[in-house]
There are 2 protein chains.
Amino acid sequence: MGNRIITISREFGSGGRTIGRSAAEKLGIACYDSELIEKIAEKSGLAHDYIADKGEYTAHSHWLANAFAASRSINGMSTQDYLWTVQRKVILELAEHESCVIVGRCADFILTDKADCLKVFVHASLAKRAERIVGVYGQRDESPEKRLLEKDKRRREYYRFYTDTEWGKAQNYHVCLDSGELGIERCAEIVAALY
Amino acid sequence: MGNRIITISREFGSGGRTIGRSAAEKLGIACYDSELIEKIAEKSGLAHDYIADKGEYTAHSHWLANAFAASRSINGMSTQDYLWTVQRKVILELAEHESCVIVGRCADFILTDKADCLKVFVHASLAKRAERIVGVYGQRDESPEKRLLEKDKRRREYYRFYTDTEWGKAQNYHVCLDSGELGIERCAEIVAALY
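Residues numbered from 1 in each chain as written. Chains lettered and ligands numbered in written order. Predicted model: local features only at pLDDT ≥ 70, side-chain atom pairs only at ≥ 80, totals over all residues. Heavy atoms only, no water.

Caption draft 1: Molecular detail of the overall build of chain A. Of the regular secondary structure elements, chain A holds 10 helices and 7 strands. At 16 Å, chain A has a C-alpha radius of gyration in line with the 16 Å of a compact globule built from 195 residues. Dimensions of chain A along its principal axes, counting C-alpha atoms only, are 45 × 45 × 30 Å. Taking contacts inside chain A between residues at least 6 apart in sequence as the whole, the part at least 24 apart equals 74%. A gap of 2 Å separates the mean positions of the 28 positive and 29 negative side-chain charges of chain A. (Helix = DSSP H or I, 4+ residues; strand = E, 2+ residues; numbered from the N terminus. Rg over C-alpha atoms; globule rule 2.2 N^0.38 Å. Contact = heavy atoms within 4.5 Å. Lys, Arg positive; Asp, Glu negative; His and termini not counted. Charge placed at Lys NZ, Arg CZ, Asp CG, Glu CD.)

Caption draft 2: Spotlight on the confidence of the model for chain A. Summarising the model, chain A shows a mean pLDDT of 88, and 91% of its residues fall at 70 or more. Across chain A, the secondary-structure element scoring lowest on mean pLDDT is helix α4 (residues 63–69) of chain A, at 50, and the one scoring highest is strand β7 (residues 175–178) of chain A, at 98. (pLDDT = per-residue confidence, 0-100.)

Caption draft 3: Here's a closer look at the sheet that holds strand β6 (residues 116–123) of chain B. Spatially, 10 strands are ordered β2(A)-β5(A)-β1(A)-β6(A)-β7(A)-β7(B)-β6(B)-β1(B)-β5(B)-β2(B) in an open sheet, and the strand pairing comes out mixed. Two strands in the sheet have a free side with no partner beyond their single neighbour: β2 (30–32) of chain A together with β2 (30–32) of chain B. On average, adjacent strands in this sheet sit at an angle of 20° to one another, irrespective of strand direction. Each of β2 and β5 (100–103) of chain B is contacted by helix α2 (residues 34–44) of chain B, which is oriented at about 65° to β2 of chain B, the strand it contacts most. (Pairing = 2+ DSSP bridges. Axes fitted to C-alpha atoms, helices over the stretch in contact; angles between N-to-C directions.)

Caption draft 4: Quick peek at the nonpolar core. Ranked by internal contacts, the top residues of the largest apolar core, which has 65 residues, are Ile-102 of chain A together with Ile-102 of chain B. For Ile-102 of chain A, the residues in contact, after removing those within four places along its chain, are Ile-5, Ile-6, Thr-7, Ile-8, Tyr-32, Leu-36, Ile-91, Leu-94, Ala-107 and Leu-111 of chain A. The next biggest cluster of nonpolar side chains, apart from the first, holds 42 residues, and it includes Ile-29 of chain A together with Val-103, Leu-182 and Ile-190 of chain B. (Core = buried A, V, L, I, M, F, W, Y, C linked by side-chain atoms within 4.5 Å. Buried < 20%, exposed > 50% of the residue type's maximum accessible area, 1.4 Å probe, protein only.)

Caption draft 5: The relation of the copies chain A and chain B, seen in detail. With an RMSD of 0.0 Å, the operation that places chain A on chain B is a rotation of 180° combined with a shift of 0.0 Å along the axis. Classification of the inter-copy transformation places it as that of a two-fold axis. (Least-squares fit on C-alpha atoms with pLDDT ≥ 70 in both.)

Caption draft 6: Molecular detail of helix α8 (residues 144–163) of chain A. All names here are of chain A. The terminal C-alpha atoms of α8 lie 28 Å apart, and with 20 residues this matches the ideal 28 Å at 1.5 Å per residue to within 8%. Residues of α8 that are buried include every one of Pro-144, Arg-147, Leu-148, Asp-152, Arg-154, Arg-155, Tyr-158, Tyr-159, Tyr-162 and Thr-163, and no others. Immediately beyond the C-terminal end of α8, within one or two residues, lies Asp-164, with a positive phi of roughly 60°. (Expected span 1.5 Å × (residues − 1).)

Caption draft 7: Looking closely at the interface of chain A and chain B. Taken together, the contact between chain A and chain B spans 21 residues of the former and 21 residues of the latter. For the pair chain A and chain B, the summed buried area comes to about 1,600 Å², and 56% of that belongs to carbon and sulfur atoms. On the chain A side of the contact with chain B, Gln-171, His-174 and Leu-194 of chain A bury the most area, a combined 32% of that side's loss. Counting across the chain A and chain B interface gives 13 residue pairs in polar contact (both at pLDDT 80 or more). Where the side of chain A that touches chain B is concerned, the elements lending two or more residues are β6 (116–123), β7, α9 (179–182) and α10 (184–194) of chain A. Split into classes, the residues belonging to the side of chain A that touches chain B amount to 11 nonpolar, 4 polar and 6 charged. Sheet topology note: the β7 of chain A/strand β7 (residues 175–178) of chain B ladder contains 3 bridges and is antiparallel. Pairing of Leu-177 of chain A across the sheet is with Val-175 of chain B, part of β7 of chain B. (Buried area = accessible area lost by both parts, 1.4 Å probe. Polar contact = N/O pair within 3.5 Å; in protein donor to acceptor, adjacent residues only side chain to side chain. Nonpolar A, V, L, I, M, F, W, Y, C, P; charged D, E, K, R; others polar.)

Caption draft 8: Representation of helix α2 (residues 34–44) of chain A within the structure. Residue and element names in this part refer to chain A. Every buried residue of α2 is accounted for by Leu-36, Ile-37, Ile-40, Ala-41 and Ser-44. Angular distribution of buried residues about the axis of α2 spans 135°; they occupy a single face of the element. Next to the buried residues of α2 lie β2, α3 (48–54), α5 (79–97) and β5 (100–103). Note on α2: the residue one or two positions beyond its end, Gly-45, has a positive phi of about 75°. (Arc of directions from axis to C-beta.)

Caption draft 9: How the structure looks around the packing of aromatic side chains. Tallied over the full model, the rule gives 14 aromatic pairs over all chains. Look at Phe-161 of chain B and Tyr-162 of chain B: their rings are 5.1 Å apart centre to centre, the planes differ by 80°, and that puts the pair in the edge-to-face class. With relative accessibility at 41%, the residue Phe-161 of chain B sits in the partly exposed group. According to the relative accessible area criterion, Tyr-162 of chain B is buried, its value standing at 13%. Among the aromatic side chains, those forming a connected cluster through ring pairs are Trp-84, Tyr-158, Phe-161 and Tyr-162 of chain A. Across from the ring centre of Phe-12 of chain A, 4.6 Å away, lies the NZ or CZ of Lys-151 of chain A, which sits over that ring. (Phe/Tyr/Trp six-rings, centres within 6.5 Å; stacked < 30°, edge-to-face > 60°. Lys NZ or Arg CZ within 6 Å of the ring centre and 35° of its normal.)

Caption draft 10: Quick look at the packing of helix α7 (residues 126–137) of chain B against helix α8 (residues 144–163) of chain B. Residues and elements named next belong to chain B. Where α7 contacts α8, the axes come no closer than 9 Å and their chain directions differ by 105°. Accordingly, the angle class assigned to the pair α7 and α8 is roughly perpendicular. Between α7 and α8, the contacting residues are Leu-126, Arg-129, Ala-130, Ile-133, Val-134 and Tyr-137 on the first element and Pro-144, Glu-145, Arg-147, Leu-148, Leu-149 and Asp-152 on the second. Counted by class, the contact of α7 with α8 contains 8 nonpolar, no polar and 4 charged residues. (Parallel < 35°, antiparallel > 145°, perpendicular 65-115°, else oblique.)

Caption draft 11: Region of the structure containing unusual backbone geometry. Residues and elements named next belong to chain B. Its identity is not glycine, yet Arg-105 carries a phi of approximately 60°, on the positive side. By the element assignment, Arg-105 lies in the loop between β5 and α6 (107–110). We classify Arg-105 as buried; its relative accessible area is 4%. Positive phi is not limited to glycine here, since Asp-164 has a value of about 60°. The exposed category is assigned to Asp-164, whose relative accessible area is 68%.

Here you go:
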């Protein structure tokens, strides 16, 4: 296939999505983030909220216990495993179909050896991310730092469970960027220039 | 201090030193790599070879056993701990004195909160690094892959022992680059542009 894909893995609150959108705009290609959820919802029949949460995160607690106790089962799989297979299929089809940016959802792992990928990881300090999520999503009862640490943990565990590799290990990406120090627009420029 | 420092941490064989030299040249600043060894030798009285090997690597095997059994002792410290303290001092003085690139020797950790740093980590796949070290250092009896895995392990352990943080974890650097995929000159351009 002649398509070139950029995958953006990112810490919650690091602005990875914004970087993906901005890089895609500069390059004149599509960026799939919430659009990916649309496509997965269409194909799977699962609810948007479920996909947004469970397509990148383990359950809140006792992930393994939850997996075993999953009361719903689709085609003999737990709902989360079913979501994983649909998500994987949608990402593979996208990469087959067009050059684009794909944000999150283990696309870097799914497309390994299957597409010409530029694999990007975006991160930032807890303080910078806390500031950013309060600005973007507003205050909650829980402190932003606590929300971030919980999100990080669930995302890391999800990634490890489905890919058996480590999320955020430099060696798994072509370029890793600290968006808090370098700035979001600067990161988007680097990503677009490396394409 | 008004100096700006680039620290380059790198996997053995990834071309991090060449990237550091090239970026420094573009920026018209000095790059300290073997020059660092000179300075440390001058200050410590230790041999060049000892500094080159033990200033970034744990001993070949049984690192802790070796540490406890260290027969030589300088100012009540093991030789390796003495080397660490001199190395640390030399790096702090350099950063105080001029803007420059410093390759390896945990400079990223040593200068945290002490200088205005751009922290870079350079890595590449085992295959690309193996090809590179055979080209640069020639064939040895041991396979290049085995040499690399041993070097990686000893460097990772040294870093963990003296810094208590993880070598090659994306979150510890401002930018991480896969020199095998992006190319050495491209990496040097990115580093210089981010300065």
